[in-house]
Amino acid sequence: MQANLQWLDDPEVFRVNQLPAHSDHHYYRDLDEIRTGSSFIKSLNGPWRFHFASTPSERPLHFYSPDFDSADFDTIQVPGHIELAGYSQIQYINTLYPWEGKIYRRPPYTLNQDQLEVGLFSDAADNSVGSYLKHFDLDDSFKNQRVIIQFQGVEEALYVWLNGHFIGYAEDSFTPSEFDLTPYLQDQDNLLAVQVYKRSTAAFIEDQDMYRFSGIFRDVNLLALPAAHVVDLDIKPEVKDDFERGTLAVTADVSGTDAILELTVTDQNKQVVASQTQSGTGKVLFDSMPFDNLKLWSPTNPTLYQLLIKVYNNQHQLLEVVPYQFGFRRVELREDKVIYVNNQRLILNGVNRHEWNAHSGRVITMQDMQNDIQTMLDNNINAVRTCHYPDQLPWYELCDQAGLYVMAENNLESHGSWQKMGAVEPSYNVPGDNPHWLAAVVDRARSNYEWFKNHPSIIFWSLGNESFAGEDIAAMQTFYKEHDASRLVHYEGVVRTPELRDRISDVESRMYETPANIASYLENNPDKPFLNCEYMHDMGNSLGGMQSYNDLIDKYPMYQGGFIWDFIDQALLVHDPITQQDVLRYGGDFDERHSDYEFSGDGLLFADRTPKPAMQEVKYYYGLHK
Amino acid sequence: MDYTNNQLHVIYGDASLGLEGPNFHYLFSYERGGLESLVVNQKEWLYRTPTPLFWRATTDNDHGNGFDVKAAQWYAADRFTTCQKIDLTVDGQLVQPLPIAPLNNRYTNHEMANQVALTYHFVTPTVPSTSVSITYTVASDGNIKIMTHFAGREGLPELPAFGLRFIMPTTATGFDYQGLSGETYPDRLAGATQGQFHVDGLPVTPYLVPQECGMHMQTSQLTVTRSTTQNNADQSKQPFSLTFSQADQPFAFSCLPYTAAELEQATHLEELPLPRRTVLSIYGAVRGVGGIDSWGADVEAKYHIPANQDLDFSFNIHF
């Protein structure tokens, strides 16, 4: 198969040869490696050879060929944003599309057009191209194994080649993309070639309020797969009505040869509380396991159980071990239209969080994530919405351990397609009811579910942000409802499309609603519990008046709190030649127009992660209803 | 001069009234329309005369909801309000007209009093205009009680703030206050703790766009400490302090190196001028900062400052 540049123009092509999404479990050769690190993983982070082209027509055509002369290529750090490496202009823009006033574009298959517009992105003046090359040799432990390449985040479309052969294509910037390299792999001197396009039709549905970057911005790993391997792990803990007993259902999807799977579950005292052995390949189902005297997972007691699967071959050689920490908790929307977790009314003392680092943009470190978790715990924040895309893989595990509720949001925002200068104007909204955009957004829902389904911290799936609503978004909810009875579905667009009210969200969710209007909703026989998916816009010196939201908690059981906008200012540290200082810059400071300027700075933290003075107010009010 | 009788030495100058005690000397100017000099232990505390304050630098939320435009008159008033009339009272007796030459020819260099009060009457350039009076009542020990009165007037926009601005000649090394922790506003102070707090230097909260910052609500006492002067004959680096304390009600204050206008001017922190003075703003009223959203939502009504009602506040200066 050959790569086709016009996939960039087609909303119906968003994954080619990409492996299916699966759970985010780790796997190791033996128990010792759980401590020391998995020898099945080889990081490809670091310096890569790099070429930048301003437009697709200027890209190096056969750069993926082993005999291509790349002498004029530069070096770039992976992960990193191409813009922050100095190749391309930095831009911050909120709702409008980044090409506002520069290029006239409409999403394919809207405004009664029934065909693609070739060149919409594949031959566009604003579509810069990063061509990346990486040579690697196989470690001994990788030889004669299936080897997968995993890109954890690439903006916004990527093509992959290995040793001159086309491997695959992917969109969905904030979701891992995996491809099987095995057919073209050699032991020595492999040439991995990746071409990253700044824009594709995905740009219409990745219009988040953020800096617009491109490039390989999250980790890249080679993954070796043992002869039998747990590809996917589906852990379904259920809590009984007495909240003291439960059951555990586990399904493992095993690739490769027939395997023997020894499963054990240990509790917090390292006592084995369940064990079972199954064998087979493909879908391997474990019998339901009963649990007594359950310790439930909650923000105040984030109790986790340790599941361990040892995978053996028929000669009883250990092939891999798969540990997973899971928790029991029960999320219910009851007849009284109140959400309960573990038999207690849910109160969200939440915050929206973009991934951010003032030096490196959305390339953030484990330390950044750990700092953010600690800041949340220190200030009585008990919930986080992953606005407006899936976060880095470790984030969810950290939230499980810390006891933070997660609203896990899909990578979806099409703000510019339906709202202009504040007015609702959905004439070319996507995905809308559009059948040509349906598969792409349902795929995003599926990926979000499959990767993160085993995390007790996630209590809501969120269909996306500010994308209006139509049949396509309703189909995303259908996906979640068909796959997951243990969580609720959230979408804020429920307020804009009353006709879809029962098909896109379990909750009434609004943004920046006034306390008076919330009270009015709650006083008038409401059909759904209320939450603020965004409130208390903490731009600059702000966060006054939180008392009025707090009062609603005591007055209305169906008021379930909300998520402050937002956690950290998006601003970039740059050197100022006038003062010779490193200073924080925001939208518009890179000569980019159109921009939304200081609107990038709405955090409870300044961009350098120091808390704003208003944090003491958050800590106080969020401490009143822990 | 002999101060054994613990009285104020009153100097009836031609352009100002001097008030002197063993370790202080104040000049109340007739031509500058205010307290021109506040010297304690040979250290000058004033760069220019204190003036009524009507403006706090606008916040992002103010811009979003258009309050900056609605309140714009107060920006001009903050800068251009002028003193129109001065009343002098010595030991309870109104001295009228003001004792400038030749009227002051009847005095000597040995005039004494137990209490002297001056009231400066300001008129705002707003439409309609209104008046503000600032009364300084000086006791024989040098303590100054300052009473500020704003005459409410129908037809004026709500106020961003109302207070009195003291600009000191050099930067403070820090300040200590009895009040609420952190940066607080009328609609954002529930999370603060009561206590005695020390702040090093004159920190400007590093909001991306410089804006109103550093407010401390419900303060009962504030001591500002400096260690330098502009006096060429004074090389000492010994710290020295001045204290502002509650009279009838607690006050709000900010202590920054910049005026509201300077903060208003900058789009980035690094554009602010080099810190060289101390701007102490003492507030009787502060508008809340709001927070529902940044593109239209108003501050909650109870945290507004209507301009059709009188505003009064007072505090003491001592050392």
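About the cut-offs
- Residues numbered from 1 in each chain as written.
- Chains lettered and ligands numbered in written order.
- Predicted model: local features only at pLDDT ≥ 70, side-chain atom pairs only at ≥ 80, totals over all residues.
- Heavy atoms only, no water.
- Buried < 20%, exposed > 50% of the residue type's maximum accessible area, 1.4 Å probe, protein only.
- Helix = DSSP H or I, 4+ residues; strand = E, 2+ residues; numbered from the N terminus.
- Pairing = 2+ DSSP bridges.
- Polar contact = N/O pair within 3.5 Å; in protein donor to acceptor, adjacent residues only side chain to side chain.
- Contact = heavy atoms within 4.5 Å.
- Domains from an automatic or database assignment.
- Buried area = accessible area lost by both parts, 1.4 Å probe.
- Salt bridge = Lys/Arg side-chain N within 4 Å of Asp/Glu carboxyl O.
- Nonpolar A, V, L, I, M, F, W, Y, C, P; charged D, E, K, R; others polar.
- Axes fitted to C-alpha atoms, helices over the stretch in contact; angles between N-to-C directions.
- UniProt positions renumbered as here; feature names shortened; annotations may be inferred.
- Left-handed = near helix turned anticlockwise from the far one by under 90°.
- pLDDT = per-residue confidence, 0-100.
- Core = buried A, V, L, I, M, F, W, Y, C linked by side-chain atoms within 4.5 Å.
- Phe/Tyr/Trp six-rings, centres within 6.5 Å; stacked < 30°, edge-to-face > 60°.
- Lys NZ or Arg CZ within 6 Å of the ring centre and 35° of its normal.
- Expected span 1.5 Å × (residues − 1).
- Lys, Arg positive; Asp, Glu negative; His and termini not counted.

### A closer look at the pairing of strand β21 (residues 318–326) of chain A
Residues and elements named next belong to chain A.
At step 1: The buried fraction of β21 is high, at 7 of 9 residues.
At step 2: Of the strand pairs in this sheet, strand β20 (residues 305–312) and β21 are connected by 8 bridges, and their pairing is antiparallel. Within β21, the residue paired with I309 across the bridge is V322.
At step 3: Between β20 and β21, which pair antiparallel one after the other, the connecting turn spans 5 residues, and H316 there sits at a positive phi close to 55°.

### Quick notes on the side chain of D372(A)
Residue and element names in this part refer to chain A.
At step 1: Along the chain, D372 turns up in helix α2 (residues 366–378).
At step 2: Its relative accessible area of 0% is what places D372 among the buried residues.
At step 3: Only 2.8 Å separates the side chain of D372 from the side chain of R609, close enough to count as a polar contact.
At step 4: Sequence-distant contacts of D372, defined by excluding residues within four places in its chain, comprise R353, W395, F567, L605 and R609.

### With respect to the domain arrangement of chain A
All names here are of chain A.
At step 1: Its domain assignment divides chain A into domain 1 (3–223), domain 2 (226–324) and domain 3 (347–621).
At step 2: Residue-level contacts link 54 residues of domain 1 with 59 residues of domain 3.
At step 3: For the pair domain 1 and domain 3, the summed buried area comes to about 4900 Å², and 58% of that belongs to carbon and sulfur atoms.
At step 4: Applying the counting rule to domain 1 against domain 3 returns 4 salt bridges.
At step 5: Put simply, R444 and E206 hold a salt bridge, and the shortest N to O gap is 2.9 Å.
At step 6: Across the domain 1-domain 3 interface, the total number found is 37 residue pairs in polar contact (both at pLDDT 80 or more).
At step 7: Elements with a minimum of two residues in the side of domain 1 that touches domain 3: β5 (92–93) and β13 (210–211).
At step 8: Across the side of domain 1 that touches domain 3, the residue classes tally to 23 nonpolar, 16 polar and 15 charged.

### Let's talk about the sheet that holds strand β15 (residues 220–225) of chain A
Residue and element names in this part refer to chain A.
At step 1: Taken together, 4 strands build an open sheet; the order of strands is β2-β15-β7-β11 and the sheet is antiparallel. Each edge of the open sheet carries a strand with a single partner, namely β2 (41–43) and β11 (177–180). With direction set aside, neighbouring strand axes in the sheet form an average angle of 25°.
At step 2: The pairing of β2 with β15 spans 3 bridges and is classified as antiparallel. Along β15, the bridge assignment pairs S43 with N221.

### Focus on the UniProt feature "domain: Glycoside hydrolase family 2 catalytic" (unreviewed entry) in chain A
At step 1: Look at the UniProt record and you will see "domain: Glycoside hydrolase family 2 catalytic" (unreviewed entry) annotated at residues 335–623 of chain A.
At step 2: Along residues 335–623 of chain A the backbone is 29% helical and 19% strand, and the end-to-end C-alpha distance reaches 28 Å.

### A word on the sheet that holds strand β12 (residues 144–150) of chain B
Residue and element names in this part refer to chain B.
At step 1: With antiparallel pairing, the 10 strands of this open sheet are ordered in space as β8-β7-β10-β11-β12-β21-β18-β17-β14-β15. The open sheet has two edge strands with one neighbour each: β8 (93–95) and β15 (194–200). Averaged over all pairs of adjacent strands, the angle between strand axes in this sheet comes to 20°, irrespective of strand direction.
At step 2: Strand direction decides the pairing type here: strand β7 (residues 82–90) and strand β10 (residues 115–123), joined by 8 bridges, are antiparallel. Residue pairing in the sheet places L88 in a bridge with L118 of β10.

### Focus: the packing of α2(A) against helix α3 (residues 394–402) of chain A
All names here are of chain A.
At step 1: Running from amino to carboxyl end, α2 crosses α3 at an angle of 30°, the nearest separation of the two axes being 11 Å. Read as a crossing pair, α2 and α3 show a hand that is right-handed. The segment α2 lies against α3, with M366, M369, Q370, D372, I373, M376 and L377 engaging P394, W395, L398, C399 and A402.
At step 2: Residues belonging to the contact of α2 with α3 are distributed by class as follows: 10 nonpolar, 1 polar and 1 charged.

### Brief notes about the confidence of the model for chain B
The predicted coordinates of low-pLDDT regions are not to be read in fine detail.
At step 1: When the pLDDT values of chain B are averaged, the result is 97; 99% of them are 70 or greater.
At step 2: With pTM at 0.97, the complex prediction returns an ipTM value of 0.96.

### As for the nonpolar core
Side chains that are nonpolar tend, in soluble globular proteins, to be buried together.
At step 1: By size, the foremost hydrophobic cluster in this structure holds 111 residues, and its most contacted members are Y169(A), Y211(A), I504(A), Y559(A) and I564(A).
At step 2: At 7 residues, helix α4 (residues 435–452) of chain A tops the list of elements feeding residues into this core.
At step 3: Among the domains, domain 1 (3–223) and domain 3 (347–621) of chain A are the pair contributing at least three residues each to this core.
At step 4: Aside from chain neighbours lying at most four places away, what touches I564(A) is G350(A), V351(A), N352(A), Y535(A), M536(A), L543(A), M546(A), L604(A), V618(A) and Y622(A).
At step 5: Among the nonpolar cores identified, the runner-up in size contains 76 residues, and Y12(B), W45(B), F122(B) and F244(B) belong to it.

### What to know about the interface of chain A and chain B
At step 1: Taken together, the 39 residues of chain A in the interface contact 33 residues of chain B.
At step 2: In this assembly, chain A packs against chain B so that about 2700 Å² is buried in total across both faces, 56% of it on carbon and sulfur atoms.
At step 3: Contact with chain B buries surface across chain A, with N541(A), Y586(A) and Q616(A) losing the most and accounting together for 25% of the total.
At step 4: Viewed at the interface, chain B and chain A are joined by 1 salt bridge.
At step 5: Between R585(A) and E270(B) there is a salt bridge, and its shortest N-O distance comes to 2.7 Å.
At step 6: Seen at the junction of chain A and chain B, the total is 21 residue pairs in polar contact (both at pLDDT 80 or more).
At step 7: Residue classes in the side of chain A that touches chain B are distributed as 17 nonpolar, 14 polar and 8 charged.

### What about the packing of aromatic side chains?
At step 1: Overall, the coordinates contain 71 aromatic pairs over all chains when judged by the stated rule.
At step 2: Where Y64(A) meets W161(A), the ring centres are 4.4 Å apart and the plane angle is 5°; that geometry is what we call stacked. Taken as a pair, Y64(A) in the loop between β3 (46–53) and β4 (74–78) and W161(A) in strand β9 (residues 157–162) lie far apart in primary sequence, 97 residues in all. For the pair shown, Y64(A) and W161(A) are each scored as buried.
At step 3: With a centroid separation of 5.0 Å and 55° between ring planes, the pair formed by W55(B) and Y75(B) is classed as tilted. Here W55(B), found in the loop between β6 (48–53) and α1 (60–65), pairs with Y75(B), found in helix α3 (residues 72–80); they are 20 residues apart in sequence, far enough to count as distant.
At step 4: Above the ring of Y428(A), the side-chain terminus of K420(A) is found at 4.1 Å from the ring centroid.

### Looking at the pattern of salt bridges
Residue and element names in this part refer to chain A.
At step 1: Tallied over the entire structure, the rule returns 46 salt bridges over all chains.
At step 2: The residue E332 makes a salt bridge to R330 at a minimum N-O spacing of 3.3 Å.
At step 3: We classify R330 as buried; its relative accessible area is 18%.
At step 4: Between R353 and D391 there is a salt bridge, and its shortest N-O distance comes to 3.3 Å. Placement of R353 in the loop between β25 (348–352) and α2 and of D391 in the loop between β26 (383–385) and α3 is noted, with a sequence separation of 38 residues between them. We note that R353, like D391, is buried.
At step 5: Beyond isolated ion pairs, a larger network of salt bridges with shared partners links R353, D368, D372, D391 and R609.

### A few points about the UniProt feature "domain: Beta galactosidase small chain/" (unreviewed entry) in chain B
At step 1: The sites that carry the UniProt feature "domain: Beta galactosidase small chain/" (unreviewed entry) are, in the present numbering, residues 18–318 of chain B.
At step 2: Counting secondary structure, residues 18–318 of chain B comes out at 8% helix and 43% strand; the distance between its end C-alpha atoms is 17 Å.

### Some words on helix α5 (residues 471–483) of chain A
At step 1: The end-to-end C-alpha distance of α5(A) is 18 Å, a good match for the 18 Å that 13 residues give at a rise of 1.5 Å each.
At step 2: Residues of α5(A) that are buried in the fold lie against α4, β30 (458–462), β31 (488–490) and α6 (501–504) of chain A.

### Let's talk about α4(A)
Residue and element names in this part refer to chain A.
At step 1: With 18 residues, α4 extends 27 Å from end C-alpha to end C-alpha; this agrees with the ideal 26 Å at 1.5 Å per step.
At step 2: Within α4, 13 of the 18 residues are buried, which leaves it mostly tucked inside the rest of the structure.
At step 3: Where α4 begins, the side chain of N434 points an oxygen toward the backbone nitrogen of H436, at a separation of 2.9 Å.

### Remarks on the side chain of E171(A)
Residue and element names in this part refer to chain A.
At step 1: Within the secondary structure, E171 is located in the loop between β10 (165–170) and β11.
At step 2: With no salt bridge to any partner, buried E171 finds its closest opposite charge in R444, at an N-O distance of 4.7 Å.
At step 3: Here Y169 takes part through its side chain, which lies 2.6 Å from a polar atom of the side chain of E171.
At step 4: Not counting residues within four places of it along the chain, the set of residues in contact with E171 comprises W7, V13, F14, E156, A157, S177, S200, T201, A202 and R444.

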